[in-house]
Amino acid sequence: MDITCREDKLLCLVLSRMTFLSTGEKIKLIKKLDSLHNVIVQSIEDISTIIGRKSRARWNGKFVLHQAQQDLHLIEKLNISMVLCTDEEYPALLREISDPPFLLFYRGNIKILGNPCVSVVGTRRMSMNAGRECVEFSKSACLDGNNIVSGLAYGIDRKAHEGALKAFDEVSDKSLVGRTVAVLPGAIDNIVPDGNRKLAVKILESGGLILSEYPPGEEALPYRFVQRNRIIAGLSSATVVIQAPPGSGAMHTAEFALDYNREVMFHSEAFSDSSMKISSIVRRQLSMAADKNSIEEKKLKMDPELYVHDGAPIIKNYADFLECMFELPGKRNCEQTKKVQLTLFD
C-alpha cells in the first residue's frame with residue numbers, strides 16, 4: 001500500500017489504533033476492505049468474521065477515525081514519518097518476528113536499517129567499568145559499519161548511543177561508519193527520559209534514527225517498555241547485554257532475541273564482582289517475593305548466569321564478538337563455564 005496519500009495514511013492510523021487486532025489481522029482487513037470508509041463502518045461482529053475469531057473489544061469506528069485525524073495533524077505538524085509493515089523500507093529483520101509493529105513512526109534516516117545492526121542493552125544503574133566497556137564496544141562496532149540499537153534510557157543505553165556517536169565524530173568519511181538507532185517506549189514527540197533530549201538531537205544530527213510503534217501523544221506507559229524491548233531485539237541479528245541483574249528490562253530484551261532465534265551474548269562486565277553482588281541481592285529479593293507462576297518467578301528465570309549455563313557466550317570486546325559470531329555453536333561455552341562462578345549451583 002502506498003501511504004503517501006492522506007486517506008491511506010488515515011486508514012493505517014485507524015488500524016494502528018485497533019489494538020485488539022494483531023498485525024496479521026490488520027493486514028487482513030486492508031486486503032478485504034481496502035478503504036477508510038469500509039473499515040470505519042464495520043461492526044465488531046463484521047470485523048470478527050473477517051479476522052476469523054470472535055472479538056469482544058469495544059469498537060467505535062467514527063471515534064477512532066477522529067483519533068486518527070488528530071494523529072495525522074500532529075504527524076504533519078511535527079514532521080514525523082511513518083512506514084507500514086508491508087512497505088519496502090520497513091526493516092526486514094523486524095518483519096520476521098512473530099509480532100512485528102503494524103506501523104513504525106520515526107524521525108531520521110530509516111534506510112540505515114538496511115545495514116547490519118547490533119542491539120546493545122543493560123541496566124540503568126551501571127558500574128563505571130561497564131559504562132566504559134559499553135562505549136568502546138559500540139564505538140568499535142560502528143567503526144566496522146554496524147548500527148547500534150538501544151532504548152535511549154539512562155545507563156547502558158545512553159553509553160551505547162554515545163559510543164556510536166563517538167565513532168561518527170572520529171571519522172572523516174561518514175559513509176564508512178554505522179549510526180545509532182533509539183527505540184522509544186512512547187511516542188516520537190515524547191522523549192523519555194527528558195534528560196536525554198539533547199542526546200536524541202545528536203542522534204538525528206549524525207544521521208541516526210529515532211523510532212516508535214506509537215502515534216504522537218502516546219505516553220510511555222509501564223507495559224510499553226517491555227513491548228519496546230521486542231523491537232530492539234527484532235531489529236538486530238545479535239543482542240549484547242553489557243550488565244544487567246536478573247529480571248531487568250535488558251533481560252526481557254535478551255529473552256525476546258532468543259524467541260526470535262537471534263544471537264544473545266553477554267559482556268564479561270556482566271559477571272564482574274560488582275555485577276555479581278547486585279545480581280545476588282536482586283535474586284534474593286525475587287526469591288522472597290516469588291510464588292509459583294508469579295511475575296517474580298518468571299524474572300528469576302531471566303538470569304544472566306542461567307543463560308550462560310544454557311550456552312550463551314561471554315565476550316570481552318567487539319573483536320571477541322566478531323570471533324564469536326563465526327564460531328561453532330557451543331564451542332565457547334565449554335571453556336567459559338570453567339571461568340564463570342555459577343553461584344546458582346553452589
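Residues numbered from 1 in each chain as written. Predicted model: local features only at pLDDT ≥ 70, side-chain atom pairs only at ≥ 80, totals over all residues. Heavy atoms only, no water.

### Side note on the packing of helix H2 (residues 23–33) against helix H4 (residues 44–51)
In helix packing, the relevant descriptors are the interaxial angle and the interaxial distance, both defined with respect to the helix axes.
Part 1 of the argument: Where H2 meets H4, the axes come as close as 9 Å, and the angle between the chain directions of the two elements is 100°. As the angle between them shows, H2 and H4 are arranged roughly perpendicular. Residues Glu25, Lys28, Leu29, Lys32 and Leu33 of H2 touch H4, and the partners they reach there are Ile47, Ile50 and Ile51. (Axes fitted to C-alpha atoms, helices over the stretch in contact; angles between N-to-C directions. Helix = DSSP H or I, 4+ residues; strand = E, 2+ residues; numbered from the N terminus. Parallel < 35°, antiparallel > 145°, perpendicular 65-115°, else oblique. Contact = heavy atoms within 4.5 Å.)

### Side note on helix H12 (residues 273–289)
Part 1 of the argument: With 17 residues, H12 should cover 24 Å at 1.5 Å per step; its first-to-last C-alpha distance of 25 Å lies within 8% of that length.
Part 2 of the argument: Of the positions making up H12, those classed as buried are Ser275, Met276, Ser279, Val282, Arg283 and Leu286. Here the buried residues of H12 occupy an arc of 130° about the axis, which is enough to place them on one side. Facing away from the buried side of H12 by over 90 degrees, the exposed positions are Asp273, Lys277, Gln285 and Met288.
Part 3 of the argument: Contact partners of the buried residues in H12: helix H13 (295–300) and helix H14 (304–309). (Expected span 1.5 Å × (residues − 1). Buried < 20%, exposed > 50% of the residue type's maximum accessible area, 1.4 Å probe, protein only. Arc of directions from axis to C-beta.)

### Brief notes about unusual backbone geometry
Part 1 of the argument: That bond from Val192 to Pro193 is cis: its omega, 0°, falls within 30 degrees of zero.
Part 2 of the argument: Position of Pro193 among the secondary structure elements: in the loop between strand S5 (180–183) and helix H9 (197–205).
Part 3 of the argument: The phi dihedral of Asn79 is positive, around 60°, even though this residue is not glycine.
Part 4 of the argument: Tracing the backbone shows Asn79 in the loop between helix H5 (61–77) and strand S1 (81–84).
Part 5 of the argument: With phi around 60°, Asn261 is a residue other than glycine that occupies positive phi space.
Part 6 of the argument: Within the secondary structure, Asn261 is located in the loop between helix H11 (249–259) and strand S8 (263–267).

### Some points on the layout of surface pockets
Part 1 of the argument: In this structure, the largest pocket occupies an estimated 570 Å³ of space.
Part 2 of the argument: Lining the largest pocket are 29 residues, and of these Ser16, Thr19, Lys26, Glu213 and Tyr214 sit closest to its centre.
Part 3 of the argument: Elements with a minimum of two residues in the lining of the largest pocket: H2, H5 and helix H10 (222–234).
Part 4 of the argument: Among the residues making up the lining of the largest pocket, the classes are represented as 13 nonpolar, eight polar and eight charged. (1 Å grid on protein atoms, 1.4 Å probe; cavity = no way out; pocket = protein on both sides within 12 Å on 5 of 7 lines; lining within 4 Å. Points joined across faces, edges and corners; volume = space filled by probe spheres on them. Nonpolar A, V, L, I, M, F, W, Y, C, P; charged D, E, K, R; others polar.)

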